Structures are given as structure tokens and as C-alpha cells.
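Analysis of the macromolecular model
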Amino acid sequence: MDSSTNSLDDASADGSTDFPDRASMMEVRLQAQEDEITLLKSSLADALRRIRLHDQLLPLLKQQLIAVNPGAARVLNHVCCSDGCTGSKRLSSSSVVDGIHHPATSQLSDSIVTNANGHIGSPVSMMPRPRSATLDRSTQTEPILPGQDNGQDRVPLPMRIQSLQLEDALPPGQPLVDGTRAKLHRAPGLEEEDEEEDEGGGEQEKELSWTSSVEEPIQPTTIRSLQREDRDGSCSPEELSSASVRTSDSNLSSRSGPLSPIQEGEKKPLVRRNSEKLGNPERQRKRLDKKAASSANLLTRSPSLENRAKELVAGAGSPGSRRGTYSQEQSIKMFIRGRPITMYIPSNIQNYEDLKMELPSERLELDWVYGYRGRDCRANLYFLPTGEAVFFIACVVVLYHINNRTQRHYHKHTDCVRCLTLHPDKVRVASGQTSGVDKDGKPLHPCVHIWDSTTLVTLQQIGLGSFQRGVGSVAFSFADSGAFLCVIDDSNEHMLSVWDCNKGSKHAEIKNTNEAVFAVEFNPSDSTNIITCGKSHVYFWTLTAGQFTKKQGIFGKYKKPKFIQCFVFSLTGDVLTGDSEGNILTWGKSAADVKTLGKGAKETLQIMRQTRAHEGSVFTLCTLQGGALLSGGGKDRKIIRWSADLAPERECEIPENYGAVRTIADVDGEELLVGTTRNAILRGTFSDGFVAIVQGHVDEMWGLATHPSQNIFLTCGHDRQVCLWNTEEHKLDWCITLEEYGLCAGFCPNGSVVSVGLSTGRWMVLDLLTREVVSESVDGNEQLSVMRYSPDGSFLAVGSHDNFIYIYNVTESGRRYTRFGKCNGHSSFITHLDWAKDGKYIMSNSGDYEILYWDIAAGCKLLRNRFESKDREWASYTCVLGFHVIGVWLEGSDGTDINALCRSHSERMVAVADDFCKVHLFQYPCPKPKAPSHKYEGHGSHVTNVCFTHSDSHLLSMGGKDTCILQWRVIQAGVGDSRERLASASSASTSSPEPATS
């Protein structure tokens, strides 16, 4: 039945867009028919078992009675005659009085008849076929007696009663194994009843209950003796004839007799099922009560098709609600990738259709950005005269005041920012982004934004629809006060284009090279000269009347490096480049070689000087006001200060845990800002050293947990770092490095320890103060996905990708863990789980969109009846599938579109992390599809996790590949903004509000 239901559910999902009601109706009809068939099968099996027991007991009792008292045959025959021998159906071979009368075996048996296919048939005619007399002794028939109809015949005595067997319902040709014959006679739902009866009886009762269905025939000697005794005159032919006719007529009128044509042969005395046990009325009463209860349950589970169809019509819902169907059975069904998910409506919701989904009264405002993108971007750190450092991560350009420790944010980009440059006026900023795709997979056009760093207002949008894949490098011209902007995109040809900043129009464009391009700059003294560098090349471009001419740098006798990483202009006009060989090369113009190349020879740009600077690559060069030069190394992590003639003056080495030097920004000639390859920004001097003012993860993040009582949270990811952050001071408290990468985390309710789940099935518990590992364990060999403590901290649930949930007893304030049990029942990996408020139950989701409930107190028992959990209250709500969060799923979601969600502690709102770089804020609960939400942008990758702080004052969201943590301030609705709330309620979603510019 499960397979047919699933196939129908799949069909319903496929056609639910156009025919939601029709598909649901078909599904309900099929389910109702299956329930009715199950009920009929159960009743039929019970009737067959009753008949079998009668067939088995009667011949044995008869033989025992005759063996003990041979005279009993006459008594039995006399009883048959006094009861009215039904000679028309059960007559002996030699005389009518030879037959033994058998009344109806039971009322239930006489009310059911089955055909060869096992289906319920109509009553069969009581009229037997006429049969000619034979001379065989064992099958001889007598002439018709006076008073009998000619169409009625005699039935031979040795022919035994043909009791209905279960094999009658089997397909033709399918054998029944003898060893399993007794088992097949047991009806589903009545096994416990038989076991209870067998426990109270003796060995003889058990033998009688489970005896073989092969009947012992009455021996011929016994038949002959009965015949002789009957001939002696126990009943006259006339009396027998009249009695036979009366009995036949009474049987025809009193009972419909569907079993009469089948039960031919011997006549049995009326014997009840397990009649030997009728002496114990108490046991019989208990048995009947139990059977009545089981039958009532079966009938309750199988409502009629008519009633279920009426319920479907009454609660079919709106035609546009494709993803949910509602019925008066208080359940709603949604479909994800063709799979139906049934959720039961809580009792406190009286009319589901009348529920109205509204926007939450709370809003989010971007408060802080944790992280910096230095691992794969260059020249992305500048210092403004306002005392702010400008850098970017994900889709946000951050303006961080290094003294006041405050942030402002420019977040008008729709995808990840890749490059940044500062206008000569030190106010305007240009930032370029990648292309990206929208939620439907359509590409978004990359562009460059020119914006005011004081007001955060966008001044110009450059090149929308002109660039391919993304913008790799940008630069303002200097000689003409920044009138032009040079852009290199990420296409295969790395197109070089120059744009008019005021008009936003393209001035010139040319193909650059198929190799990677790392940097572009205008000559500070001549805006017609542009230089680009990258893999194995340095190009000198001249722009004249909208046309480019290119000259390639000649390495000559010097080794050609694999990469030219960066370059700057010296005060003398020379070009200084840093390469992957660790050298600083000085480029200059040389006179034309007329002797070698002739009169048409032109001047060339070649290496004038090579200076050994670093071990490994030279990642960045920075010129100071006095003409001095700063260089940053890769492998040696050194910052070296050079004089104007490239003589080393001072140097320092940054700590290894921050990585290599990516870029350098001058603050005041002495103090520096240093961006590193491990996504940190350092501040310091050569004499005092450097300290980190910005830090972040360097690889994909998944684990996020907030402290139950303090304003701190913990993160972990693929970079094997576990970091503890402070939401008030906006800083990293501590960070440790593990041997394996972490994927999930959870704080103990007492707040002293935190557990971290790793990628190998191992998990550890860390002390927040000492950072020491206080406990460690391994569950399976696959990655862990959830670490969740019970509300009182007495249990820890560990969800794994091996489909199990491991439960641990927690003692000694979260420092000792012992295995309590394992939840086994999911068919796919665990994705989310939550504890009930009483700490006894768990709700869990899996990778195949399954919702299961577990009774932990009863030994991690799976609750088969999910209806019982519909009113249970949950201490947290992070499961993405559930009745209370149906509305968070967008139309057409495929099941992986939502990575995480989190309900606020006030239970007023729920935040959602989706696969399209968005954070949504819904009201809670939101049990109806297409619920409206506030939508917030900022992440440049799939949002992997969201979590509210303990006081609901902030929401934390975490990006995947963008390695960015965004801290959102929760803005409560005020009295004065009622007009704004009414306006926002008319739309389905809103963009994030412009942050304050303080």
C-alpha cells in the first residue's frame, strides 16, 4: 500500500500546478479504497479461521465420542432427525437417515462467501444440481423419496465438509507450504488474542487451536454401523421425508445460505470456536472486549469513501495554493520535489483557511560585518581622510573607523564585490562586482558603482550589460582629476575599457590578453598612458583619439617571471613591478635601436634594474609621500620599507597565523594597515608591531551557535578554525585550530561549555574560559550536522550523516557524557533537530525531506503516529520542515533552497537562510504557503546558517563561500511607524533599509 500511495503522491506533485483538487481527490479515493479492502480482508480472515476451527474440531470430537460409546452414533442420528435432517443437502449414500445433521457453523461464517479469486461474492442459489443414481457402495444414491422435489439429490457421506481456506484467495497455481498452513489461518490483528488464550489453556487446548487443517475421515466401518442402526427404524422414511422438506424450507427462508452449496458432505453438530475454553467466562469476556476494541480501531482508521470525499471538497483550499492541500482531518500536505509531506494542524487552530499571514512587525538593520576578503583579491584596502578604512567582503563595502571602532556599509551591489579603487579626491570610491545568477539561474550583469563615501549615495553605475563574468580591476585617472575610469573584466579576452565618469559612457575598448590580469593603473602624470600586468606580461598602453596602442615590456637578459603581481609609479616616473620570483623590477624607456632595427625603430620599455626583495612572491607595493616604498612578501610574510633608490631601511614580519601580506595602506606615513591572505586586517608600525583589527574565516562556514545568556557566539567551518565572537565589542575573543573541520556547534544551557561536531564523526566539548577539550567522542565515520542540548542540559543529541541521532546523558555541568541511546529510523542524513520544552521528545528532519518524532525518555523510540505530536511545544525551532514554518518555502522550491532557519526566543518571528544569498524574516508561526517576509541582501554566497542572540536583540547570518558573518540589529516596531508598517504589508517582501550614516 505504501508503494501505491507514493506513486500517487508523485503523480499529484507533477500535476499539482494545474489540477491540485483533482489529484488530491484521486489520492483520497485510493486511500479510502485501500482502507476498505484492508477491513474486508481482516473480516474474511477471521471468518475463515472460525470455519477452519470448526472443520478441525467436529470430526475429532465425533470420532472420540463414537470410540468411547459406540451407541452414541444412534443418539447423534436421533438428534439429527429431531432437529430436522436436511436431506436435500446432506443425505447418506444408502439411506436418507444415514446422514448426520449439521446446523449452521456460525452466524458469521454463513454471512460470507468467497470465490476462487478471494473476492466477496453474492449469495449462491440453494438449489443443488440433479444427480443420477450409482451402484458403487460408497457413492450409491437412493431413489427420490415421496414428498421431495425431483431436482434435489443426495450427497454422498464420505464427502467431507469443504471448509473455506486462505489458499482459495491465492492466485491459481501458487502452492501453499504445509509448514506455514497454520500460520496463514491467523487473521491480522487477532494474533495477540490467540496468544492470550493459549497462555491460559493446557497443552490439549494448544493442540486443538493449532491442529492441521487436514480432516480425519470417518472410517467405513463406522459408516456401515451407522447405516445398519438407522435401518433398524430410528426414523421412518415418511417422517424423514417430511422433516427433510420442512428443514429445507426453513433453511431457505431463514438464512441466505451463501455457504450452503459449498458446505457439502458431512453434517457437524453445532460447536463454538474453542468450546473447551468456554468454561472460563472471565477470559472469554476479556477476549471479546479486546476484539471489539481492535475492530473499533480498524473502523476508525478507515472512514468511508463518501465521508473522505466530502472532507476534501470542504477543505480543498484556494486554486492557487499548489503546494498545500487541506482537509477537515486537520492536516495539510505540501510537496517538495514530488514527495508529499503531511503535517497535522494543532488543536488551537480552529479554522486553518481563515489564518492570515502578515509581515512581521520587526525589521532587520545591518549592524556589523565580520571578515575581509584578502585570500583572492588584491588592492582592496584604502584609508580615507575621515579615519576610515575601506575594504569589502561578500556584497558589502565596509567603512571601518579604526579609532572609534564603528562601521558603515555600502550595500548596493547585487553580488560579490571583486575590486576597489579610490578617487584622487579621496571621497569617491569605485567598486566592481561579479555577474552571479538570480534564483531562476539567469545571469546578472556585472557593473561598477561609483559612490560617495561620505553619504553612501551611488553617483554612477558604469558598464551595466557591457562586462562579462565580472569586473576584475578598476582604476581612476589622476592627471585629469579622475575624469576617466579604466576597467578590465573577467572575460576570456580580459577586455580593457575606459569610461567617462561623469557621463557614464564608454570612451574606448580593446582586447587585452587571454592570460590572467592582476592590476591596471593610469600613469599619474599622463592619463593617456595605462599599464596592465598579470601572468608573464607587462603591457604599456597608449590611448589616442579613442584608439589603443600596446607595447610589451621586454625582460631581456633577466629571467621572465611567471607572474607580475603588482606595480607602482615612482616619483621619477619609472614603473616598479613586483613578481613571483621575489624581485622588484625597475622599468624605463630606452632609446630606439636604430642600428639593429633601422630607421623605423621605436623606443622600448625594458628592465633598468632588478632588486632582490623577498623570499617568494612580492604581493604588493605601496609608495609613501616622501618617495619611500613599502613591499609585502608572500612566503616570508615580511613588510620592508625601501628608500627612494630602493635601499632597504626597515622590515618586520607579521605572525604566521595571519598569513601572507596581501595589500598595504598608508595611514600617516608611520602607521600602516595591512591586509593578509587569511582574511585579516592588521594595524601597527614597524617599531610597535601589528595587531589584528579585523579577522574572519578563510573557508566555507556552517557551524553557528549563540550563547544562552551572554552576547557571544561561536562559528566553525572548513578552515578548521573554531572562533568565539563578541557581539557587543564586535571582536574575536579567541580562535583555535582543529585537526578536522567543524560543521556544527551547540552551547550547553549552563553556558560553560560548547560542543563542536566535526567532519569525521568525532565531536568535542570545549571549555569557554580555558579553551581546553573537556570531553571527546566519536559517533560513526561520517560528518556530523547537528549538536543540540536538551533545555535542561541533561541530554545531548548528535545528528549525523549516517542517518542516526545519538543521545548522550550529560552530567558534571556538561563535562561528562555517557551514551544513552540511538534514534534509528531516518532513511537519509540528519539535517536539523529540536528538543521539546519538556526535554523528552525530539523533532528531526533528514535529507529526503522526512519529519520524524522521537520519544527519548522511552528509550529513543520512534513515534509512529505523528498526529500525537501536533500540539507539542518545542524549546527551539530550527527544523526547516514543519507545520509552523510551511510559509517559508517559496513556490517551486526543490528542498535545498532553505539551508537553515531559527525561531526567535520570543516566538514572534523566524529567520530563514536560503540558497540565493538572502536572509528572510517571517512572522512566527507562518503555517500557510506564500507567507510575506522582509528580505535582506548582503551575502555573496548561499547563506548556511542563522541564529538569534539570547535576548533577540540581534540576528547572526553566515555565508558559505563568501566567508562573511553579518550581524543584524532587530528593530522593534514603534508607534510612530504604523504608516510604514501598513505600506510594507501591501508588498510580499522588502529590501534592507539604508543603514544609519553615523
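Note that the structure is a prediction, hence the values are computed from the model and not measured. (Residues numbered from 1 in each chain as written. Predicted model: local features only at pLDDT ≥ 70, side-chain atom pairs only at ≥ 80, totals over all residues. Heavy atoms only, no water.)

1. Here's the deal with the overall build of the protein
Counting its secondary structure elements, the protein contains 12 helices and 55 strands. The buried share of the protein, reckoned over its 998 residues, is 54%. A fraction of 53% describes how many contacts in the protein between residues 6 or more apart in sequence connect residues 24 or more apart. Accessible area of the protein: about 44500 Å², with a carbon and sulfur share of 50%. (Helix = DSSP H or I, 4+ residues; strand = E, 2+ residues; numbered from the N terminus. Buried < 20%, exposed > 50% of the residue type's maximum accessible area, 1.4 Å probe, protein only. Contact = heavy atoms within 4.5 Å. Areas by Shrake-Rupley, 256 points an atom, 1.4 Å probe, with all protein chains shown as cover.)

2. A short note on the sheet that holds strand β20 (residues 547–552)
Read from one edge of the open sheet, 4 strands run β17-β18-β19-β20, paired in antiparallel fashion. The open sheet has two edge strands with one neighbour each: β17 (517–523) and β20. Strand-to-strand, the axes of this sheet are offset by a mean angle of 25°, without reference to chain direction. (Pairing = 2+ DSSP bridges. Axes fitted to C-alpha atoms, helices over the stretch in contact; angles between N-to-C directions.)

3. Quick word on the pairing of β20
Bridging between strand β19 (residues 537–544) and β20 involves 6 bridges; their strand directions are antiparallel. From the neighbouring strand, phenylalanine 540 faces β20, where its bridge partner is lysine 551. Linking two consecutive strands that pair antiparallel, namely β19 and β20, is a turn of 2 residues; a positive phi of about 55° is found at alanine 545 within it.

4. Here's the deal with the pattern of salt bridges
Counted by the stated rule, this structure contains 30 salt bridges. The salt bridge partner of aspartate 376 is arginine 373, with a shortest N-O separation of 2.9 Å. The class for arginine 373 is buried, based on a relative accessible area of 11%. Look at the salt bridges and you will find they share partners, linking Lys837, Glu873, Arg903 and Glu907 into a network. (Salt bridge = Lys/Arg side-chain N within 4 Å of Asp/Glu carboxyl O.)

5. As for the UniProt feature "repeat: WD" (unreviewed entry) in the protein
In the UniProt entry, the feature "repeat: WD" (unreviewed entry) is given for residues 694–728 and 823–864. Segment residues 694–728 splits into 0% helix and 54% strand. End C-alpha atoms: 15 Å apart. (UniProt positions renumbered as here; feature names shortened; annotations may be inferred.)

6. Points about the environment of phenylalanine 916
Tracing the sequence through the fold places phenylalanine 916 in the loop between β50 (909–914) and β51 (918–923). Sequence spacing of phenylalanine 916 and glycine 940 is 24 residues, and the spatial spacing of their C-alpha atoms is 8.6 Å.

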